[in-house]
Amino acid sequence: MRVLVLGAGYAGLTLARDLERRLPVDADLTVVNDSPHHLVQHEVHRAIRRPAVADAIQVPLDEALDRAEVVVDRVTGVDRDARTVELAEGDALDYDYCAVCLGAETAYYGIPGLEANSVPLKRVADAETIRKRFFDDCDEGGTVVVGGAGLSGVQVAGELAALRDEEGAHADIVLVEQLDAVAPSFDESFQRAVRDELLDRGVEIRTETTVESVTDATVATDTGDLDYDLLVWTGGIAGDDAMGGERPPVRADLRLDRRTFVVGDAARAVDADGEPVPASASAALREAKTVARNVAAQVEFELDGDGNDFAPRPDPYRFEVPGWIVSVGDGAVAQVGPSIFRGKAAKAMKATVGAGHLTSVGAISRAVDLVDEELHA
């Protein structure tokens, strides 16, 4: 009996660690990831201004996992009919149960010139590129355009504004959003607080502005051209290539079929109440817990059952989070229930989020380092 976990992001690593504890001893668990490290994705923007933070937000998988076999390779395809997973370098892997936790890639929406002329922010190497380009092209004056004002775009714009101020540079930071507000998926009170935080930190905001094409020097929008020296694109997400670039829809049991689950940003899920689940770390972590229980129950049933009993009914996932938080340079905005926080309280909350996750995967020393970076940024 083999269980595969594809990807070791928030969903994959949480799921694998839970399965290590839940699976029967005679079930094999294999984790496939394209890197030997787990990355704390929502802190990658910090590495733009503080390169040393990269060490704190990358956790070796052989430290985080005890029982699972780790295969470092890129998943290129999942054949659900044959129950096999194709790899870029190694042999195909068979599975009895599989959880696809491959996350999402940056979406460019077919906008001419966008992918070729912009830098995404998905990996530490992207943060390093953004930092280098900022000093090469913008230190003595220039314009940085950040496309997309979701939480990722807000954090990138805030970090670049803080870097500019620390270095005494003369760059303009412009945040562009197609919809009518920053953080457009959130409550209006949260949106207003995030907007105020950005403006206080010298970020120019252009909402209701649609990017139509990009050259190596100009972003053409429906409201006029915008010259730039560095373009960072955080404007949306698409499925992993192994899933055909798609994020397949799944119901609250998070299953594509009886033996294949999709967890986290890799899917477009609706929860037990029929509500769409936002692509977020908090959702991925909680989805992983649900899937771990369901996979372990199915495996135990197959290994121990006599074939006459009914298979266990999977638990549904229900999206419930206490609130939201986003960093904006040296500041932060947090929402807990209906209450909005800025300043020191929000910054302290932000520091505990990443550190809490690192602690949950056994990386306590890295959690301490991250808190130090957050509170002394």
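Everything numeric in this text was worked out from a predicted model, so none of it was measured.

K.L.:
How should I be thinking about the packing of aromatic side chains in this particular structure?
P.N.:
When we look at a pair of aromatic rings, we describe it by the centre distance and by the angle of the planes. Within this structure, the stated rule accounts for four aromatic pairs. Ring pairs connect the aromatic residues Phe-186, Phe-190, Phe-319 and Trp-324, which therefore count as one cluster.

K.L.:
When you look at the sheet that holds strand E15 (residues 218–221) in this model, what are you seeing that I'm missing?
P.N.:
Hydrogen bonds between backbone atoms are what pair the strands of a sheet, whose relative direction is either parallel or antiparallel. The three strands are arranged E14-E15-E16 in an open sheet whose pairing can be described as antiparallel. The open sheet is flanked by strand E14 (211–214) and strand E16 (224–227), the only strands paired with a single partner. Along the sheet, successive strands turn relative to each other by an average axial angle of 25°, direction set aside. Note: E15 against E16, four bridges, orientation antiparallel. Paired with Val-219 across the two strands is Leu-226, which belongs to E16.

K.L.:
Mind showing me how you'd approach the UniProt feature "domain: FAD/NAD(P)-binding" (unreviewed entry) in the chain here?
P.N.:
Here, the residues flagged by UniProt with the feature "domain: FAD/NAD(P)-binding" (unreviewed entry) are residues 1–286. The distance separating the terminal C-alpha atoms of residues 1–286 is 25 Å; by composition the span is 28% helix and 29% strand.

K.L.:
Any chance you could explain the pairing of strand E25 (residues 339–342) here in plain terms?
P.N.:
Both faces of the sheet carry side chains from a regular strand, because those side chains alternate between them. Sheet topology places strand E24 (residues 331–336) next to E25; four bridges connect them, and they run antiparallel. Directly across from Ala-334, in E25, lies its bridge partner Phe-341. From the end of E24 to the start of E25, which pair antiparallel, there are two residues, and Gly-337 there has a positive phi angle of about 60°.

K.L.:
How do you make sense of the pattern of salt bridges when you look at a structure like this?
P.N.:
Pairing is possible between side chains that carry opposite charge, provided their charged atoms lie close to one another. Under the definition given, this model contains 25 salt bridges. Where Arg-22 meets Asp-18, a salt bridge forms, and the shortest distance between an N and an O atom there is 3.4 Å. A residue pair is termed a helical-turn pair when its members lie 3 or 4 positions apart in one helix, as Arg-22 and Asp-18 do in helix H1 (residues 10–22) at four residues. Residue Arg-22 is classed as partly exposed on the basis of its relative accessible area, which comes to 32%. Exposure remark for Asp-18: the relative accessible area of 4% places this residue in the buried category. Salt-bridge contacts for Asp-136 lead to Lys-132; the nearest nitrogen and oxygen are separated by 2.7 Å. Taken together, the residues Asp-136 and Lys-132, both in helix H6 (residues 124–137) and four residues apart, mark about one turn of the helix. The pair Asp-136 / Lys-132 is uniform in exposure class, with both members exposed. Connected through shared salt-bridge partners, Arg-46, Arg-49, Arg-50, Glu-159, Glu-166 and Asp-330 make up one network.

K.L.:
Explain the side chain of Ser-118 to me, please; I cannot follow it from the model alone.
P.N.:
If you trace the backbone, Ser-118 turns up in the loop between helix H5 (114–117) and H6. For Ser-118, a relative accessible area of 10% corresponds to the buried category. Within the local environment of Ser-118, its side chain forms a polar contact with the backbone oxygen of Leu-114, the two atoms lying 2.7 Å apart. If we ignore the near neighbours within four places in the chain, the residues touching Ser-118 are Tyr-108, Leu-231 and Trp-233.

K.L.:
Whenever I open this one, the environment of Leu-179 confuses me. Can you help?
P.N.:
Tracing the chain through its elements places Leu-179 in the loop between strand E12 (171–176) and helix H8 (188–200). Of the residues examined, Leu-179 reaches a relative accessible area of 45% and is grouped as partly exposed. Leaving out residues up to four positions away in the same chain, Leu-179 has contacts with Pro-184, Thr-207 and Glu-208.

K.L.:
Would you mind showing me how to read the domain arrangement of the chain here?
P.N.:
When its domains are assigned, the chain resolves into domain 1 (2–34 + 73–104 + 239–304) and domain 2 (114–236 + 323–376). Look at where the C-alpha atoms of domain 1 and domain 2 centre, and you get two points 30 Å apart. Between domain 1 and domain 2, the residue contacts involve ten residues of the former and seven residues of the latter. A combined buried area of about 530 Å² lies between domain 1 and domain 2, and 58% of that area is made up of carbon and sulfur atoms.

The rules behind these values
- Each chain has its residues counted from 1, following the order in which its sequence is written.
- Per-residue local features of the predicted model are confined to residues with pLDDT of at least 70, and side-chain atom pairs are confined, for both listing and counting, to 80 or more; whole-chain, interface and lining totals are unaffected and use all residues.
- Working from all heavy atoms in the structure, the side-chain values ignore hydrogens and water.
- The rule is short: rings of Phe, Tyr and Trp, with Trp giving its six-membered ring, pair when the centres are within 6.5 Å, and they are stacked under 30 degrees, edge-to-face over 60, tilted in between.
- A pair of strands is labelled paired if DSSP reports no fewer than 2 bridges between them.
- Every helix listed is a DSSP run of H or I at least four residues long, and every strand listed is a run of E at least two residues long, numbered separately from the N terminus.
- To obtain an axis, a line is fitted to C-alpha atoms, over the contacting stretch when the element is a helix, and the angle between two such axes runs from 0 to 180 degrees between their N-to-C directions.
- UniProt positions are given in the numbering used here, feature names are shortened, and annotations may be inferred rather than shown by experiment.
- Throughout this description, the term salt bridge denotes a Lys or Arg side-chain nitrogen within 4 Å of a carboxyl oxygen of Asp or Glu.
- Buried residues are those whose accessible area, probed at 1.4 Å on protein chains only, stays under 20% of the maximum for their type, while exposed residues exceed 50% and partly exposed ones sit between those limits.
- We define a polar contact as two N or O atoms separated by no more than 3.5 Å, with the added condition that, inside protein, one atom must be a possible hydrogen donor and the other a possible acceptor, whereas residues neighbouring each other in sequence contribute only through side-chain atom pairs.
- Residue contacts are counted whenever heavy atoms from the two residues lie within 4.5 Å of one another.
- These domain boundaries are the output of an automatic or database domain assignment.
- Computed with a 1.4 Å rolling probe, the buried area is the accessible surface lost when two parts are put together, summed over both parts.

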